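In case you want the letters, here they are:
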Amino acid sequence: MFCVLFAKHVFCLPKNCTKSMGRCKIKCKGFHQFNKGDEHMTKLPKNFLWGGAVAAHQLEGAWQADGKGVSVADVMTAGTKDHPREITDGVVPGKNYPNHEGIDFYHRYKDDVKLFAELGIKAFRTSIAWTRIFPNGDDPEPNEAGLQFYDNLFDECLKYGIEPVVTLAHFEMPYHLVKKYNGFADRRVIDLFVRFAEVCFKRYRNKVKYWMTFNEINNQTMYNNDFLMATNSGLIFKAGENREAAMYQAAHYELVASARAVKLGHEINPDFQIGCMINFTPLYPLNSAPNNVMLAERLMQRRYWFSDVHVNGVYPANIEAYLQRKGYRTDITEEDRQLLKEGTVDYAGFSYYSSYTVALPAGMDLDADELPLEKIVVDNPHVKTSDWGWSIDPVGLRYSLNWLTDRYHLPLFIVENGLGAYDKVTEDGQIHDPYRVAYLRAHIEEMEKAVELDGVDLMGYTPWGFIDLVSASTGQMSKRYGFIYVDKDDEGNGTLNRSKKDSFAWYQKVIQSNGEDLA
């Protein structure tokens, strides 16, 4: 037999339907028509990890509680979409550091997790703040109070049947390591990260199954952005330094650290599922002009080689050729290369928010070393944008799932997706957010098409900031993603009380129906 898809209908020739696009459980007599959503269409797996995603530094607060040290996130001031956050030299009196309080999850986690359970999530993606475990990053012994906090948090999640999904490094490098070693510019930081990972793996081996090493490791391709470099690698550039060369060297050390951690984690508990995590923002050519097509391909190569190494254990040929031509990355050893092969990941986690569209300007060389995004990114006439100027491109999520599947042949996990928007509280205390529901519905529809029609092996979906938190990029509270509203403004004022938005009941219904009911 085979099934043929026309519009929203699947037509099956006689015999049982066995195609992934529509698994027909009845014997068809002649042509049988059924609509997408009928009971014999392929469904998401029963163990699909519907959930929500956060990061420790954006919600926990309690930045000095119980022995916690200062992280790079603790020296990031508030900003806006037009004024970047400043990374100060230590904590400067009089500056506004919104991560210091976050949304006080550290003291409110029990009530919050209870609310998460009411929402119905099956997975809670968060991170372990490195400085709660090793306050300076190179301390001789871990901080027991920090370890105990995550014991308590994970126990609370498991009590409600919520799987913790844990990122080890989510923009939370100890500030001491930034100052002493310039972060991952120094090979010695590999050992410090692996020791941190080992402590976490051993402590939570029976509580956490799903792990990721470095969050959005490929953000560093934008090496002219001081914020992205400091938060990803802990790099603070000196005047006149070759930023690109420094980025490639630091990224290599991070990839070796990740491989060593993955290998060690599998030794500690063979049942661990340890993944990578990249920011996936597809780059489309504006049109079919060959130079624009090749430009998009070149940029995809420069942006996604990180996950190539995570998954395949080797550098792709195009990056090897580029590094050789440029004379970059002098410190890579044969031992490093072997470690990369031995520490490949089990799945590929990624964030997806938007897409870029690019075109090669007249007079620019396609093979130029510098291809600055500000000069080649153009408006896509076919998509709308958010309040923060990000394209809203649901089909791009399906494209991303297919691209990653075709390239890596591994299970995938959407660990961030969402819409940052301004929410208003009505006089009767309600928060109506149909724009958020519309955004998520459209993306989930495309996600389901990727699974049902394209055969993508997808583990789960954890929308970003499902409880309002401090924005990583701007430090704002007004850039809200959540189903749960937190009463706090950009100046830090508010009660921190939690309340449900309209989207809470909608996502609750989506989870209960395993993605069948998106109305």
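From a predicted model like this one, the values you see are computed outputs, not experimental measurements. (Residues numbered from 1 in each chain as written. Predicted model: local features only at pLDDT ≥ 70, side-chain atom pairs only at ≥ 80, totals over all residues. Heavy atoms only, no water.)

1. Looking at the overall build of the chain
1) Next: Helices and strands together make up the secondary structure of the chain, namely 15 helices and 18 strands.
2) Next: Since a compact globule built from 519 residues should have a radius of gyration of about 24 Å, the 23 Å found for the chain is in line with a globular shape.
3) Next: The dimensions of the chain, computed from C-alpha atoms along their principal axes, are 75 × 60 × 45 Å.
4) Next: Here the chain, with 519 residues, has 58% of them falling under the buried criterion.
5) Next: Within the chain, counting contacts between residues at least 6 apart in sequence, those at least 24 apart form 71% of the total.
6) Next: As displayed, the chain offers around 21,000 Å² of accessible surface, 50% of which is attributable to carbon and sulfur atoms.
7) Next: If you average the places of the 58 positive and of the 69 negative side-chain charges in the chain, the two averages end up 4 Å apart. (Helix = DSSP H or I, 4+ residues; strand = E, 2+ residues; numbered from the N terminus. Rg over C-alpha atoms; globule rule 2.2 N^0.38 Å. Buried < 20%, exposed > 50% of the residue type's maximum accessible area, 1.4 Å probe, protein only. Contact = heavy atoms within 4.5 Å. Areas by Shrake-Rupley, 256 points an atom, 1.4 Å probe, with all protein chains shown as cover. Lys, Arg positive; Asp, Glu negative; His and termini not counted. Charge placed at Lys NZ, Arg CZ, Asp CG, Glu CD.)

2. Quick notes on the pattern of salt bridges
1) Next: Tallied over the entire structure, the rule returns 33 salt bridges.
2) Next: Here the salt bridges share partners, and the residues they tie into one network are Asp 423, Asp 433, Arg 436, Asp 468, Arg 480 and Lys 501. (Salt bridge = Lys/Arg side-chain N within 4 Å of Asp/Glu carboxyl O.)

3. Focus on the sheet that holds strand β8 (residues 273–279)
Pairing between the strands of a sheet is mediated by backbone hydrogen bonds and can be parallel or antiparallel.
1) Next: Spatially, the eight strands close up into a barrel ordered β4-β5-β6-β7-β8-β10-β15-β16, and their pairing is parallel. Between one strand and the next, the sheet's axes are offset by a mean angle of 30 degrees, whatever the strand orientation.
2) Next: Summarising the sheet, strand β10 (residues 347–351) and strand β15 (residues 412–416) pair through four bridges and their orientation is parallel. Looking at the pairing, Ser 351 lines up with Glu 416 of β15.
3) Next: Contacting β6 (163–169), β7 (210–214) and β8, helix α6 (residues 188–203) runs over the sheet at an angle of about 165 degrees to β6. (Pairing = 2+ DSSP bridges. Axes fitted to C-alpha atoms, helices over the stretch in contact; angles between N-to-C directions.)

4. What to know about the UniProt feature "active site" (unreviewed entry) in the chain
1) Next: According to UniProt, the "active site" (unreviewed entry) feature falls on Glu 416.
2) Next: Counting through the fold element by element, Glu 416 comes out in strand β15.
3) Next: In this structure, Glu 416 is in contact with Arg 125, His 170, Asn 215, Glu 216, Met 277, Phe 350, Ser 351, Tyr 352, Tyr 353, Thr 462 and Trp 464, ignoring residues within four places of it in sequence.
4) Next: A distance of 2.9 Å separates the side chain of Glu 416 from the side chain of Arg 125, its partner in a polar contact. (UniProt positions renumbered as here; feature names shortened; annotations may be inferred. Polar contact = N/O pair within 3.5 Å; in protein donor to acceptor, adjacent residues only side chain to side chain.)

5. So, the nonpolar core
1) Next: Within the largest apolar cluster, 148 residues are counted, with the highest numbers of intra-cluster contacts made by Trp 211 and Met 447.
2) Next: Looking at which element gives the most residues to this core, the answer is helix α8 (residues 243–268), with 15 residues.
3) Next: When near neighbours in sequence (up to four residues on either side) are disregarded, Met 447 contacts Leu 44, Phe 48, Trp 50, Leu 397, Leu 401, Ile 414, Leu 458 and Tyr 461.
4) Next: Core analysis: the second largest hydrophobic core is formed by 10 residues, Val 165, Tyr 210, Met 277 and Phe 413 among them. (Core = buried A, V, L, I, M, F, W, Y, C linked by side-chain atoms within 4.5 Å.)

6. Overview of the packing of aromatic side chains
1) Next: Evaluation of the coordinates by the stated rule reveals 40 aromatic pairs.
2) Next: Measuring from ring centre to ring centre gives 6.1 Å for Tyr 150 and Phe 154, while their planes differ by 35 degrees; the resulting arrangement is tilted. Here Tyr 150 and its partner Phe 154 are both found in helix α4 (residues 144–159), four residues apart, which amounts to about one turn of the helix.
3) Next: Between Phe 193 and Phe 214, the ring centres sit 4.5 Å apart and the planes meet at 25 degrees, which makes this aromatic pair stacked. Here the residue Phe 193 occupies a position in helix α6, and Phe 214 occupies one in strand β7, the gap between them amounting to 21 residues. We note that Phe 193, like Phe 214, is buried.
4) Next: Positioned over the ring face of Phe 149 is Arg 132, at 5.7 Å from the centre of the ring. (Phe/Tyr/Trp six-rings, centres within 6.5 Å; stacked < 30°, edge-to-face > 60°. Lys NZ or Arg CZ within 6 Å of the ring centre and 35° of its normal.)

7. Examining the environment of Gly 343
1) Next: Relative to the helices and strands, Gly 343 resides in the loop between α11 (334–342) and β10.
2) Next: Sequence separation between Gly 343 and Lys 263 is 80 residues, and the spatial gap between their C-alpha atoms is 4.7 Å.
3) Next: Other than its neighbours up to four places away in sequence, Gly 343 contacts Ala 259, Val 262, Lys 263 and His 310.

8. A look at the side chain of Glu 244
1) Next: Relative to the helices and strands, Glu 244 resides in helix α8.
2) Next: Polar contacts involving the side chain of Glu 244 include one to the side chain of Tyr 322, which spans 2.8 Å.
3) Next: What Glu 244 contacts, discounting residues up to four positions off in sequence, is Tyr 223, Tyr 322, Lys 326 and Tyr 328.

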